[in-house]
Amino acid sequence: MDDRRRITEAPGIGKKSSEDLHTLGVSTLQDMISLRPRAYDDRREERRARDASIDDSSISCRITILGHSEFSSKGGRTLKVTSIDDDGTRIELLCFNRYFLKTQLKISSQWYIYGKVMKNRGVYQISSFEIKRTKEEAGIGRILPVYPLSGSLTEKIMRNAVSYSLRALSPIPDELPQSMYDRENLLHHEKAYNLIHFPGTMEEARNALSTLAFTELFLMELSVLREKQDGGRRKSSPTENEKKLMDSLPFSLTEDQLKAAEEIREDMDSPFQMNRLLQGDVGSGKTLVAWLTALHAIGKGRQVAFMAPTELLARQHADGAAELLSPLGVRIAFITGSVKGERRRLLLNSLKEGSTDLVIGTHALFSEDVTFRNLGFVIIDEQHRFGVQQREALTRKGNKADILSMTATPIPRSLALTLFADYSVSVLRAMPKGRIPIKTYLVSESKRDEMYKSVGVEFQRGHQAYFVYPRIDDEGEGDLRDVTTMYEFLRRKYPDVPSKLIHSRLPDDEKMKILHDFREKKLGYLVATSVIEVGIDVPDATCIVIEHAERFGLAALHQLRGRVGRSSLPSYCFLVYGPGLTEEAKARLRVMKETNDGFRIAEKDLEIRGPGEMTGDKQSGFLHLKFANLTSDIALVERAREEAERIIREDRGLLKAENAVLREAMAMMQKDR
Ligand code: ADP
Ligand code: MG
């Protein structure tokens with residue numbers, strides 16, 4: 001098949017419409033048939049006005065014209081055509097901007113009409129309709145595709161262009177090895193392309209979509225798997241400073257941490273640019289892997305940038321780095337939007353000259369004025385908190401820098417591999433030794449007092465706590481009265497324990513000061529909104545009380561709970577819920593009580609909510625899939641991946657005759673990149 005044939009060869013596609021098609025991503029005939037209908041118009045059954053009143057309100061039937069009249073509307077005089085359908089029901093056609101219909105719709109002539117009717121004072125009226133001489137022209141008896149449109153395009157132009165392209169490209173060759181069609185129960189491609197546009201039944205449309213989505217996922221997975229193993233990996237060993245850091249720690253690294261560090265080191269020492277995702281549950285110790293590998297990069301004479309999603313977190317990391325890395329001679333700088341004036345100038349200069357090895361900050365690190373002498377390694381903490389654009393800006397600044405993205409959003413591995421198709425993935429599955437699983441209690445109103453007592457006991461032991469309230473709106477905390485009243489209440493409850501209220505409306509310096517004091521144990525507890533959700537690490541905090549727990553999603557609850565249980569002390573999470581829980585809220589709380597395992601929770605989250613919200617369309621957006629939907633086609637993703645793995649196992653080089661189609665497809669994908 002010649003897939004370079006331009007869409008302009010289709011009749012009816014001129015300069016303007018081809019430009020409009022271009023904005024939909026269509027420039028060739030092949031693109032045209034690969035444009036997925038966004039919906040279908042099911043006109044299989046004739047529906048008269050009387051049927052329309054029963055379920056949906058569209059009609060598709062024959063009408064006979066009775067007469068013409070006019071009425072005045074905003075646009076001036078408007079034509080009204082009166083007609084009856086074969087039941088004898090009266091239908092009025094309001095022809096806005098279509099005065100020309102007067103001469104066409106002659107009295108007593110018969111037409112086929114399609115559109116939505118509305119009942120107005122007992123009379124059926126229709127203002128947006130298609131009207132045709134024959135049943136075929138009106139699409140009655142068929143299922144018609146509905147496409148996304150742009151500019152001058154109409155559904156009619158689109159349908160004609162698709163029909164033409166299907167005919168012109170026929171016979172459309174298969175895109176997969178023959179044995180796969182049977183094994184995976186797929187339609188052959190000629191059929192799939194025809195049926196996705198012009199199905200006889202809705203089931204045919206679904207089968208066609210499933211074949212095309214599978215093909216797309218499979219080819220993507222195959223290309224990812226092939227590239228992954230092509231990299232020139234070689235063993236590399238830790239530098240002196242890395243060994244020193246490991247020796248200086250009061251604990252040893254987990255197997256998973258060691259393995260991840262090794263994978264990153266190998267990537268760094270290979271000639272290819274690294275793009276790696278470090279996935280690990282809350283508290284699994286990702287930061288240490290970051291510092292260790294930062295030392296590796298610095299040891300090889302490169303600069304390192306570490307980006308955190310909030311100023312608070314950046315500060316915490318800067319403190320941590322100062323403690324662990326400064327003794328090894330690493331020169332550290334801290335840059336956020338609030339670092340200004342002379343201080344900023346000096347810092348920027350030191351980055352430019354290379355007299356800073358490691359810079360820690362927020363996304364302000366990647367503003368225009370920041371330049372590096374030799375940026376070689378970029379670490380992004382909590383990468384899911386950053387938008388695609390921010391990540392892209394950073395990649396541009398990094399140029400050829402290796403990138404390590406860290407995330408605690410535990411998504412099932414197969415989904416991770418697909419969502420992050422162009423990343424390699426390292427996983428910290430096991431928690432550091434000596435951690436005691438957090439005990440989680442569900443607390444109803446009547447059990448409050450007991451809870452306050454338990455927290456009081458922890459204070460006596462010298463441990464610390466968080467009290468958390470839900471954020472009320474997306475902008476900030478909305479109504480803060482709850483938090484402030486609770487704050488007063490708790491101060492009376494624990495009169496000897498110093499505490500502070502912390503929320504996003506406080507200035508950054510103040511938040512940082514409070515957090516610093518909490519870490520230094522000058523404060524016994526914090527009363528907080530979900531500002532503390534991300535990444536805060538205070539080992540002696542052993543209790544977290546989450547109020548209105550039913551209002552939080554599973555991922556947020558898990559993140560919040562992850563603020564405790566970060567040392568070898570036993571720790572507790574109290575989920576306080578109000579009356580009148582929905583089934584879904586109950587299910588969430590039960591999951592939290594049952595397990596501490598973020599991966600398990602993610603799977604449950606998938607079950608309860610469906611994958612769409614969990615991954616967020618933003619994340620899958622950058623893959624530009626035409627047919628597949630990563631958030632609803634999980635089963636297909638899995639199947640495609642298994643098939644791709646099978647091919648890699650059986651015929652890596654794609655040398656078998658049967659796999660020749662794949663060899664070609666892979667070559668095309670390379671070219672497109
Ligand atoms: P996260 O993966 O959530 O970012 P952190 O990197 O903040 O977790 O680590 C959580 C805590 O665990 C930190 O206080 C860190 O010092 C500690 N930690 C990290 N690795 C280990 C280990 N191997 N053994 C014991 N504690 C560890
Ligand atoms: Mg972290």
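As the structure is a computational prediction, the values presented were derived from the model and not from experiment.

(A) Expanded view of the overall build of the protein chain. Each helix and strand in the protein chain was counted, giving 25 helices and 20 strands. Counting across all 673 residues of the protein chain, residues that qualify as buried make up 52%. Taking as baseline every contact in the protein chain between residues at least 6 positions apart, the subset at least 24 positions apart corresponds to 72%. In the structure as shown, the protein chain presents an accessible area of about 31900 Å², 50% of it carried by carbon and sulfur atoms.

(B) A look at the sheet that holds strand β11 (residues 358-361). Pairing within the open sheet is parallel, and its seven strands lie in the order β10-β11-β9-β12-β13-β8-β14. Two strands bound the open sheet, and with one partner strand each, they are β10 (332-335) and β14 (424-428). Direction aside, neighbouring strands of the sheet carry axes that sit 20° apart on average. Bridge count for β10 against β11 is four bridges, and the pairing is parallel. Across the sheet, the residue bridging to I332 is L358, located in β11. Packed onto the sheet, helix α10 (residues 255-269) meets β8 (275-280), β12 (375-380), β13 (402-407) and β14 and runs at close to 160° relative to β14.

(C) Quick peek at the packing of helix α19 (residues 554-561) against helix α20 (residues 583-594). Taken N-terminus to C-terminus, the directions of α19 and α20 make an angle of 35°; their axes are 10 Å apart at the nearest point. When the axes of α19 and α20 are compared, the crossing they make is right-handed. On α20, the residues touching L554, L557, H558 and R561 of α19 are R588, L589, V591 and M592. Of the residues that constitute the contact of α19 with α20, the class distribution is five nonpolar, one polar and two charged.

(D) Layout of the packing of helix α12 (residues 311-325) against helix α18 (residues 508-519). Across the interface, α12 lies against α18 with an axial gap of 10 Å and an inter-helix angle of 45°. With respect to α18, the axis of α12 lies oblique. In the packing of α12 onto α18, the handedness of the crossing is right-handed. Between α12 and α18, the contacting residues are E311, L312, R315, Q316 and D319 on the first element and D508, K511, M512, L515, H516 and R519 on the second. Of the residues that constitute the contact of α12 with α18, the class distribution is three nonpolar, two polar and six charged.

(E) Up close: the layout of surface pockets. As a volume, the second largest pocket reaches approximately 1300 Å³. Along the walls of the second largest pocket sit 44 residues, with F251, L288, R435, D537 and R566 positioned nearest its centre. Going through the elements one at a time, α10, α11 (286-299), α12 and α18 are the ones with two or more residues in the lining of the second largest pocket. Partitioning the lining of the second largest pocket into residue classes produces 14 nonpolar, 16 polar and 14 charged. Residues from two domains meet in the lining of the second largest pocket; each of domain 2 (240-428) and domain 3 (439-595) gives at least three.

(F) How the structure looks around empty space enclosed by the protein. The full count for this structure, using the stated rule, is three cavities of 30 Å³ or more. Around the largest cavity, the lining residues are L312, R315, Q316, D319, M512, L515, H516 and R519.

(G) Quick peek at the pattern of salt bridges. Counting across every chain of the model gives 40 salt bridges. E184 is the salt-bridge partner of R639, the closest N and O atoms lying 2.7 Å from each other. Taken together, the positions of R639 in helix α24 (residues 634-651) and E184 in the loop between α6 (178-183) and α7 (189-197) put the pair 455 residues apart, joining distant regions of the chain. On the basis of relative accessibility, which here comes to 30%, the residue R639 falls in the partly exposed class. Linked by salt bridges that have partners in common, R183, E643, R646 and E650 make up one network.

(H) Structural detail: the nonpolar core. In terms of nonpolar packing, the biggest core is built from 71 residues, with L358, Y466 and I546 touching the most fellow members. Looking at this core, the element that brings in the most residues is α11, giving nine residues. Counting residues domain by domain, this core receives three or more from each of domain 2 (240-428) and domain 3 (439-595). If you look at the next biggest cluster of nonpolar residues, it comprises 49 residues, including Y147, Y181, L195 and M666.

(I) Molecular detail of the pairing of strand β4 (residues 90-95). Of all six residues in β4, five are buried, a share of seventy percent or more. Bridge count between strand β3 (residues 76-85) and β4: six bridges; the pairing is antiparallel. Along β4, the bridge assignment pairs K80 with L94. Counting the residues in the hairpin turn of β3 and β4 gives four residues, including G88, whose phi is positive at 90°. Inspection of the sheet shows β4 paired to strand β6 (residues 123-132) by three bridges, in the parallel sense. When the sheet's bridge partners are listed, E92 is paired in β6 with Q125.

(J) Up close: unusual backbone geometry. In this structure, the amide linkage connecting S170 to the following residue, P171, adopts the cis form with an omega of -5°. Structurally, the position occupied by P171 is in the loop between α5 (155-169) and α6. One non-glycine residue, N97, lies in the positive phi region at around 55°. Within the secondary structure, N97 is located in the loop between β4 and α4 (101-104). Under the relative-accessibility criterion, N97 is labelled exposed at 78%.

(K) Quick peek at the sheet that holds strand β18 (residues 525-528). One open sheet holds the six strands; their spatial order is β15-β20-β19-β16-β18-β17, and the pairing between them is parallel. Of all the strands in the sheet, the pair left with one neighbour each is β15 (439-443) and β17 (499-502). Across the sheet, the mean angle from the axis of one strand to that of its neighbour is 15°, orientation sign disregarded. Relative to strand β19 (residues 541-546), strand β16 (residues 464-468) runs parallel, the two being bridged by five bridges. The residue of β19 that forms the bridge with V468 is I546. Strands β15, β16, β19 and β20 (572-576) of the sheet are contacted by α19, whose axis makes an angle of about 150° with β19.

(L) Molecular detail of the side chain of S426. Locating S426 in the fold gives a position in strand β14. In this structure, S426 is in contact with A260, E263, R276, L277, L278 and Q279, ignoring residues within four places of it in sequence.

(M) Here's a closer look at the packing of aromatic side chains. Throughout the structure, instances matching the rule amount to 11 aromatic pairs. Considering the side-chain rings of Y494 and Y525, the 5.9 Å spacing of their centres and the 70° angle between planes classify their relative orientation as edge-to-face. Residue Y494 is found in the loop between α17 (481-493) and β17, and its partner Y525 is found in strand β18; the two are separated by 31 residues along the sequence. Summarising the burial analysis for this pair, Y494 and Y525 share the class buried. When the ring centre of F129 is taken as reference, the NZ or CZ atom of R98 above it lies at 4.1 Å. Looking at R315, its charged tip hangs above the ring of F334, at a distance of 4.5 Å from the centre.

About the thresholds
Along each chain, residue indices are assigned from 1 in the same order as the chain's sequence is written. Lettering for chains starts from A, numbering for ligands starts from 1, and both go in the order in which the items are written. Side-chain atom pairs in this predicted model are given and counted only at pLDDT of 80 or more, local residue features only at pLDDT of at least 70, and totals for whole chains, interfaces and linings cover all residues. With hydrogens and water set aside, each side-chain value is computed from the structure's full complement of heavy atoms. Secondary structure elements follow DSSP: runs of H or I no shorter than four residues count as helices, runs of E no shorter than two count as strands, and numbering proceeds from the N terminus. Any residue under 20% of the maximum accessible area for its type is buried, any over 50% is exposed, and the rest in between are partly exposed; the area is computed with a 1.4 Å probe on protein chains only. Contact between two residues is taken to exist if any of their heavy atoms lie within 4.5 Å; hydrogens are not considered. Accessible areas in this description were obtained via Shrake-Rupley with a 1.4 Å probe; residue shielding takes into account the shown protein chains only. A pair of strands is considered paired only if DSSP assigns at least 2 bridges between the two. Think of each axis as a best-fit line through the C-alpha atoms, taken over the contacting stretch in the case of a helix, with angles from 0 to 180 degrees between the N-to-C directions. Helix crossings are classified by the rotation of the near helix relative to the far one: an anticlockwise turn of less than a right angle makes the crossing left-handed, while a clockwise turn makes it right-handed. When residues are sorted by character, Ala, Val, Leu, Ile, Met, Phe, Trp, Tyr, Cys and Pro go into the nonpolar class, Asp, Glu, Lys and Arg into the charged class, and all the rest, Gly among them, into the polar class. Any angle between 65 and 115 degrees counts as roughly perpendicular, while under 35 counts as roughly parallel, over 145 as roughly antiparallel, and the rest as oblique. The pocket and cavity definitions rest on a 1 Å grid over protein atoms only: a 1.4 Å probe that fits but cannot leave marks a cavity, an open set with protein on both sides within 12 Å along at least five of seven lines marks a pocket, and residues lining either have an atom within 4 Å of a point. Grid points are joined across faces, edges and corners, and a volume is the space filled by probe spheres set on the points. Each domain span listed reflects an automatic or database assignment of domains. Whenever a carboxyl oxygen of Asp or Glu lies within 4 Å of a side-chain nitrogen of Lys or Arg, that contact is scored as a salt bridge. Only buried residues count toward a nonpolar core. Its members are Ala, Val, Leu, Ile, Met, Phe, Trp, Tyr and Cys residues joined through side-chain atoms within 4.5 Å. Here a Phe, Tyr or Trp ring, Trp counted by its six-membered ring, pairs with any other such ring whose centre lies within 6.5 Å, and the pair is stacked when the planes are under 30 degrees apart, edge-to-face when over 60, and tilted otherwise. In our convention, an over-ring charge means Lys NZ or Arg CZ found within 6 Å of a ring centre and within 35 degrees of that ring's normal.

This is a description of form; function is not addressed.
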